[in-house]
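Next come the chains, spelled out residue by residue.
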Amino acid sequence: MFNDYKESIKSFMEHDPAARSPIEIVLLYPGFKALRAHKKANWFLRHNMPFIARAISQRCAHKTGIEIHPAAKIGKRVCIDHGHGIVIGETTEIGDDVMIYQGVTLGGTGKDLGKRHPTIENGVMIGAGAKVLGPITVGKNAKVAAGAVVVKDVEPNCTVVGVPGTVVRIDGERVDDLDQIHIPNPLLNAIKDNLTRIEELERKLAEIEKK
């Protein structure tokens, strides 16, 4: 448990350039507090004390603006940056080394039964204001851009942008930086490809006319 505590603090230090010391993270960071509170709530839920679990969850939501259902499964070294407005649903599963920014919703669609919320695999980054909805899977090392709405599975090592979310494969490799601005735009890329193709056809047509 102590090692998990240390790993969580280290993760926040690595991902947040504004973090100055571990004590600052422990005492002042709402994302860190929410994750620790969730561990307590989850323990009470697993020991058949759902009322206490929900009470801890709701008190944490009131204090931090981050609502995590006690039944959600969250892995190691997860980092919540700023965090206000985050909602994580009951059947959500989050792997290790996941980065979540403010305003993110990991929710349901309202029509699913049983597993109603997303599965977020290891190493995923979810940008500010993104919505990941339904019993879908966001694959390992994928990136969800700020403001994206994702309702379909995302393969590993991909980036999702736009509404609805459109997948962009980036050389089949993980993008290591957490830059939420310089993310490929699939629509712009398609336009550029079409322009290149048009220029090529115009060149060939001009050659034919000369002959």
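Calculation criteria
Residues numbered from 1 in each chain as written. Predicted model: local features only at pLDDT ≥ 70, side-chain atom pairs only at ≥ 80, totals over all residues. Heavy atoms only, no water. Buried < 20%, exposed > 50% of the residue type's maximum accessible area, 1.4 Å probe, protein only. Helix = DSSP H or I, 4+ residues; strand = E, 2+ residues; numbered from the N terminus. Pairing = 2+ DSSP bridges. Expected span 1.5 Å × (residues − 1). Arc of directions from axis to C-beta. Contact = heavy atoms within 4.5 Å. Core = buried A, V, L, I, M, F, W, Y, C linked by side-chain atoms within 4.5 Å. Salt bridge = Lys/Arg side-chain N within 4 Å of Asp/Glu carboxyl O.

**Focus on the pairing of strand S14 (residues 158–161)**
A regular strand places its side chains on the two faces of the sheet in alternate fashion.
Turning to step 1, where the next piece is worked out: Taking every second residue as pointing to the same face, both faces of S14 are buried, with Cys158 and Val160 on one and Thr159 and Val161 on the other.
Turning to step 2, where the next piece is worked out: Sheet analysis places strand S12 (residues 143–144) next to S14, joined by two bridges and oriented parallel. Each residue of the ladder has a partner; that of Lys143, found in S14, is Thr159.

**Here's the deal with the sheet that holds strand S4 (residues 87–88)**
Where strands meet in a sheet, backbone hydrogen bonds hold them as pairs that are either parallel or antiparallel.
Turning to step 1, where the next piece is worked out: Read from one edge to the other, the open sheet built from five strands follows the order S1-S4-S7-S10-S13, with strand pairing classed as parallel. A strand with exactly one partner marks an edge of an open sheet, and here the two such strands are strand S1 (67–68) and strand S13 (149–150).
Turning to step 2, where the next piece is worked out: Inspection of the sheet shows S4 paired to strand S7 (residues 105–107) by two bridges, in the parallel sense. Bridged to Val87 within S7 is Thr105.

**Considerations on helix H4 (residues 50–64)**
Turning to step 1, where the next piece is worked out: With 15 residues, H4 extends 21 Å between its outermost C-alpha atoms, agreeing within 8% with the 21 Å of an ideal straight helix rising 1.5 Å per residue.
Turning to step 2, where the next piece is worked out: Within the span of H4, buried status applies to Ala53, Ser57, Cys60, Ala61 and Thr64. For H4, the arc enclosing every buried residue in end-on projection is 100°, short of the 170-degree limit, so these residues lie on one face. In H4, those exposed residues whose orientation departs by more than 90 degrees from the buried face are Phe51, Arg59, His62 and Lys63.
Turning to step 3, where the next piece is worked out: Tucked into the core, H4 has its buried residues touching helix H3 (30–46) and S1.
Turning to step 4, where the next piece is worked out: Positioned one or two residues after H4, Gly65 has a phi angle of 80°, which is positive.

**Structural notes on the nonpolar core**
Turning to step 1, where the next piece is worked out: By size, the foremost hydrophobic cluster in this structure holds 41 residues, and its most contacted members are Ile68, Ile94, Leu106 and Ile120.
Turning to step 2, where the next piece is worked out: Contributing elements (two or more residues each) for this core: helix H1 (2–15), H3, strand S3 (79–80), strand S6 (99–100), strand S9 (125–126) and S14.
Turning to step 3, where the next piece is worked out: The element best represented in this core is H3, accounting for four residues.
Turning to step 4, where the next piece is worked out: Setting aside chain neighbours within four positions, we find Leu106 in contact with Val87, Ile88, Gly89, Thr92, Ile94, Ile100, His117, Pro118, Ile120, Ile126 and Val132.

**Focus: the sheet that holds strand S8 (residues 119–120)**
Turning to step 1, where the next piece is worked out: Taken in spatial order, the four strands make up an open sheet running S2-S5-S8-S11, and their pairing is parallel. Only two strands of the sheet have a single neighbouring strand rather than two, namely strand S2 (73–74) and strand S11 (137–138).
Turning to step 2, where the next piece is worked out: Alignment of strand S5 (residues 93–94) against S8, held across two bridges, turns out to be parallel. For Ile94, the partnering residue across the bridge sits in S8 and is Ile120.

**Details of the pattern of salt bridges**
Turning to step 1, where the next piece is worked out: A full pass over the atoms with the stated rule returns six salt bridges.
Turning to step 2, where the next piece is worked out: For Arg77, the salt bridge is made with Asp97, and the minimal N-O distance between the two is 2.6 Å. With Arg77 in the loop between S2 and S3 and Asp97 in the loop between S5 and S6, this pair connects stretches of sequence that are 20 residues apart.
Turning to step 3, where the next piece is worked out: Looking at Arg77, the relative accessible area reads 25%, which means it is partly exposed.

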